[in-house]
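Structural overview for review
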Amino acid sequence: MGSKSNRSGADRTVGEEEKKKKRGELFEVPEIKFTKLFINGSFVDAASGRTFETRDPRTGDVIATVAEADKVDVDSAVRAARDAFDHGEWPRMSGSERGRIIARFADLVEQHADELAALESLDAGKHPAITKAVDFGNAAGSLRYFAGAADKIHGETLKMQAQFQGYTLREPLGVAGIIIPWNFPSTMFAIKVAPALAAGCAMVVKPAEQTPLSALYFAHLAKQAGIPDGVINVVPGFGSTAGAALASHMDVDMVTFTGSTEVGRLIMKASAESNLKPVYLELGGKSPLIIFDDADLDMAVELAVSANFFNKGEACVSASRVYVQERIYSRFEEKLAERMKSWVVGDPFSDPRANQGPQVDKVQYERVLSYIDHGKREGATLLTGGRPCGQKEKGYYIEPTVFTNVKEDMIIAKEEIFGPVMCLMKFKTVEEAIARANDTRYGLGAGVVTRDLDVVNRVVRAVRAGVVWVNCYFAMGSDCPFGGRKMSGFGKDEGMHALDKYLALKSVVTPLRASPWM
């Protein structure tokens, strides 16, 4: 009987797979399980009863209605976090016990990775297989890394002048306000929440209104993992209401934000006008990729393509300014144009060839198209793309776009576009490449492609950016600090440096009485 039952189950599975194929689906559209606010360990409606819609960028159709937090709800979430921090067990646990619970959280993320990846892909227009491997691989990896860090938070012993001794304590800061973007929702949730948990903080997370679903699922898994009620609270809503309330809250001890430079300014202003809470920002970018004439040309083309069009160009560190040394410029341009012929824009749930899905929403879609129009009007030349390419006149799809004959003073060369648009430019000397790479108000990332170690050493020391990749791009991990300079922000995510945001450094001094040595 058992084997017959197994065969029936297998037959049903095959039948379901055949139905999916007939519908043209490669990946199953997930059930939406969590749409309410998560406060003090429970899913609850917004106090106002208001909701908002989250939409499928493949079609523009509504996926779900989600509870919309405002100031009243943020106040409730902060109270829950404050109580959990001031009176709860989380900051009073040993670091090793916190680490065990965070590791269970990572286990649950991995166990639910298929469903989470489909959910996030549906919400953000991503490819489910890539999202599972990259986004949720990174999320689980960050949780594991900081699970291991939780019992390694140490102070220092100080040898002081005169007859005193001192030491430092690194204490959990308190209640963290965490505001995450829509381009990598799960990764950003994990890389900010994981070190906050390891440090012993409680927190209120405000996900982007475009992509709230994975953060709510994470909250559910956190409770299952054993993270006490009130330690993680999730309040979907809009920046002007929920985000503003969190940034200006007098009982929030710090805020970390990833998003636009414009909103970063508003958060700093809110901090200054409230309780002067520390603010950590990872903001926009206009990163350069510098390709020297000794580079492997095929590798350089692939790096330029992935550095610009991965995740539909919706990445703050995209290398949207590509500088190619003049001796190889023409060959590079030809190879790039040829390579883009095989780049497929399509529905990531149903098209097995799709390299690129839709932009996250209509607002971003129209914003990218307006920048493409700017480029045309300013005299840049379209090498490839430049047009919308909706599926049956639905969805927010845009052709991967490469501009040549781009001048440094053009809008497309100066401003962050956050879409599949590359500016291709040529240079002559190392000095020129460095000067032009630094001629930007941003300083998030940069890339260098060359076989010459002397050139590498010179450029990586001269370019003002938070991370510089050599003969690679987007090489990121839990153990490598990430963050920018200039108007790309300040503070680090990932690596042990990320803990610094969530810890207060306290000095303790005591007198020495009749010490045999000093």
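1. As for the sheet that holds strand β16 (residues 421-427)
One open sheet holds the 7 strands; their spatial order is β14-β15-β16-β13-β12-β18-β19, and the pairing between them is mixed. Unpaired on one side and paired on the other, β14 (381-384) and β19 (467-470) mark the two borders of the sheet. Direction aside, the axes of adjacent strands within the sheet are offset by 25° on average. Packing against the sheet, helix α14 (residues 430-437) makes contact with β12 (288-291), β13 (321-325) and β16, and its axis sits at approximately 145° to β16.

2. Regarding the nonpolar core
Side chains that are nonpolar tend, in soluble globular proteins, to be buried together. Within the largest apolar cluster, 93 residues are counted, with the highest numbers of intra-cluster contacts made by Phe105, Phe189, Leu197, Met203 and Ile232. Examining the composition of this core, we find that 10 residues originate from one element, helix α6 (residues 185-199), more than from any other. When sequence neighbours within four positions are dropped, the list of residues in contact with phenylalanine 189 reads Phe105, Ile180, Val205, Ala215, Phe218, Ile232 and Val234. By size, the runner-up hydrophobic cluster in this structure holds 38 residues, among which are Val305, Ala319, Tyr329 and Val345.

3. Re the packing of aromatic side chains
Applying the stated rule across the entire model yields 17 aromatic pairs. Ring plane angle 55° and centroid distance 4.5 Å describe the contact between tryptophan 469 and tyrosine 473, whose orientation is recorded as tilted. Across the pair, exposure class does not vary: tryptophan 469 and tyrosine 473 are buried alike. A cation sits over an aromatic face here: arginine 58 above phenylalanine 349, 4.5 Å from the ring centre.

4. A few points about the pattern of salt bridges
By the definition in use, this model includes 32 salt bridges. Across the pair lysine 36 and aspartate 45 runs a salt bridge whose closest N-O atoms are separated by 3.8 Å. The class of aspartate 45 is exposed, set by a relative accessible area of 51%. With a closest N to O distance of 3.2 Å, arginine 353 and aspartate 351 form a salt bridge. On the accessibility criterion, arginine 353 (55% relative accessible area) is exposed. Since its relative accessible area comes to 14%, aspartate 351 is described here as buried. Residues joined by salt bridges that share partners form a network here, namely Arg82, Asp86, Asp251 and Asp253.

5. Focus on the sheet that holds strand β5 (residues 157-159)
Read across the sheet, 3 strands follow the order β5-β6-β22 without closing on themselves; strand pairing throughout is antiparallel. The open sheet has two edge strands, β5 and β22 (503-511), and neither has a second partner. In this sheet, adjacent strand axes meet at a mean angle of 25° when their direction is disregarded. Examined bridge by bridge, β5 and strand β6 (residues 164-172) share 3 bridges and lie antiparallel to one another. Counted as the bridge partner of lysine 159 is glutamine 165 from β6.

6. Observations concerning the environment of alanine 150
Among the secondary structure elements, alanine 150 is positioned in the loop between α5 (128-149) and β5. Alanine 150 gets classed as buried once you look at its relative accessible area, which sits at 4%. On a C-alpha basis, the gap between alanine 150 and alanine 465 in space is 29 Å, while along the polypeptide they are 315 residues apart. Ignoring anything within four residues of it in the chain, the contact list for alanine 150 reads Gly95, Arg98, Gly99 and Ala198.

7. Notes on helix α11 (residues 326-340)
Compared with an ideal rise of 1.5 Å per residue, which puts 15 residues at 21 Å, α11 spans 21 Å between its outermost C-alpha atoms and is within 8% of the ideal. Approximately 25° is the largest bend angle found in α11, and it occurs at phenylalanine 332. Here the buried face of α11 lies against β12, α10 (297-309), β13, β14, β15 (401-404) and β16.

8. Structural notes on the packing of helix α4 (residues 113-124) against α5
Relative to each other, α4 and α5 sit at 110°, their axes nearing to 8 Å. Between α4 and α5, the interaxial angle falls into the category roughly perpendicular. Seen along the crossing, α4 lies across α5 with a hand that is right-handed. Residues Ala113, Asp114, Leu116, Ala117, Glu120 and Ser121 of α4 form the contact with α5, whose own contacting residues are Pro128, Thr131, Lys132, Asp135 and Phe136.

9. Focus on the environment of isoleucine 153
The residue isoleucine 153 is located in the loop between α5 and β5 in this model. Separated by 104 residues in sequence, isoleucine 153 and phenylalanine 257 place their C-alpha atoms 23 Å apart. In this view, isoleucine 153 contacts Arg170, Ala198, Ala199, Leu499 and Leu503; residues no more than four positions away in its chain are not counted.

10. Considering the pairing of strand β3 (residues 51-55)
By the alternation rule, side chains of β3 split into Phe52 and Thr54, which are all buried, and Thr51, Glu53 and Arg55, of which none is buried. Two elements, β3 and strand β4 (residues 62-67), share 5 bridges in a ladder whose sense is antiparallel. Within β4, the residue paired with threonine 51 across the bridge is alanine 67. Taken together, β3 and the strand that follows it, β4, pair antiparallel across an intervening segment of 6 residues, in which glycine 60 is found at a positive phi of about 85°.

11. Examining the side chain of arginine 436
Mapping arginine 436 onto the fold places it in helix α14. Looking at arginine 436, its side chain comes within polar contact range of the side chain of glutamate 408, at 2.7 Å. The residues contacting arginine 436, other than those within four sequence positions of it, are Arg321, Tyr323, Glu408, Met425, Lys426 and Phe427.

12. Things to note about the packing of α4 against helix α7 (residues 213-225)
The contact between α4 and α7 brings their axes to 9 Å, and the two run at 155°. Classified by the interaxial angle, the pair formed by α4 and α7 is roughly antiparallel. Residues Glu115, Leu116, Leu119, Glu120 and Asp123 of α4 lie in contact with α7, whose contacting residues are Leu213, Ser214, Tyr217 and Leu221. Considering only residue class, the contact of α4 with α7 consists of 5 nonpolar, 1 polar and 3 charged.

13. Comments concerning the pairing of strand β11 (residues 279-282)
Pairing analysis gives 4 bridges linking strand β10 (residues 254-258) to β11, with the strands arranged parallel. Directly across from threonine 256, in β11, lies its bridge partner tyrosine 280. A crossover connection joins β10 to the parallel β11 through helix α9 (residues 261-273); in handedness this β-α-β unit is right-handed. Pairing of β11 with strand β21 (residues 489-490), which is carried by 2 bridges, proceeds in the antiparallel orientation. Within β21, the residue paired with leucine 281 across the bridge is phenylalanine 490.

Calculation rules
- Residues numbered from 1 in each chain as written.
- Predicted model: local features only at pLDDT ≥ 70, side-chain atom pairs only at ≥ 80, totals over all residues.
- Heavy atoms only, no water.
- Pairing = 2+ DSSP bridges.
- Helix = DSSP H or I, 4+ residues; strand = E, 2+ residues; numbered from the N terminus.
- Axes fitted to C-alpha atoms, helices over the stretch in contact; angles between N-to-C directions.
- Contact = heavy atoms within 4.5 Å.
- Core = buried A, V, L, I, M, F, W, Y, C linked by side-chain atoms within 4.5 Å.
- Buried < 20%, exposed > 50% of the residue type's maximum accessible area, 1.4 Å probe, protein only.
- Phe/Tyr/Trp six-rings, centres within 6.5 Å; stacked < 30°, edge-to-face > 60°.
- Lys NZ or Arg CZ within 6 Å of the ring centre and 35° of its normal.
- Salt bridge = Lys/Arg side-chain N within 4 Å of Asp/Glu carboxyl O.
- Expected span 1.5 Å × (residues − 1).
- Bend = angle between axes of the 7 residues up to and from the residue.
- Parallel < 35°, antiparallel > 145°, perpendicular 65-115°, else oblique.
- Left-handed = near helix turned anticlockwise from the far one by under 90°.
- Polar contact = N/O pair within 3.5 Å; in protein donor to acceptor, adjacent residues only side chain to side chain.
- Nonpolar A, V, L, I, M, F, W, Y, C, P; charged D, E, K, R; others polar.
- Right-handed = clockwise from strand over helix to strand, strands pointing away.

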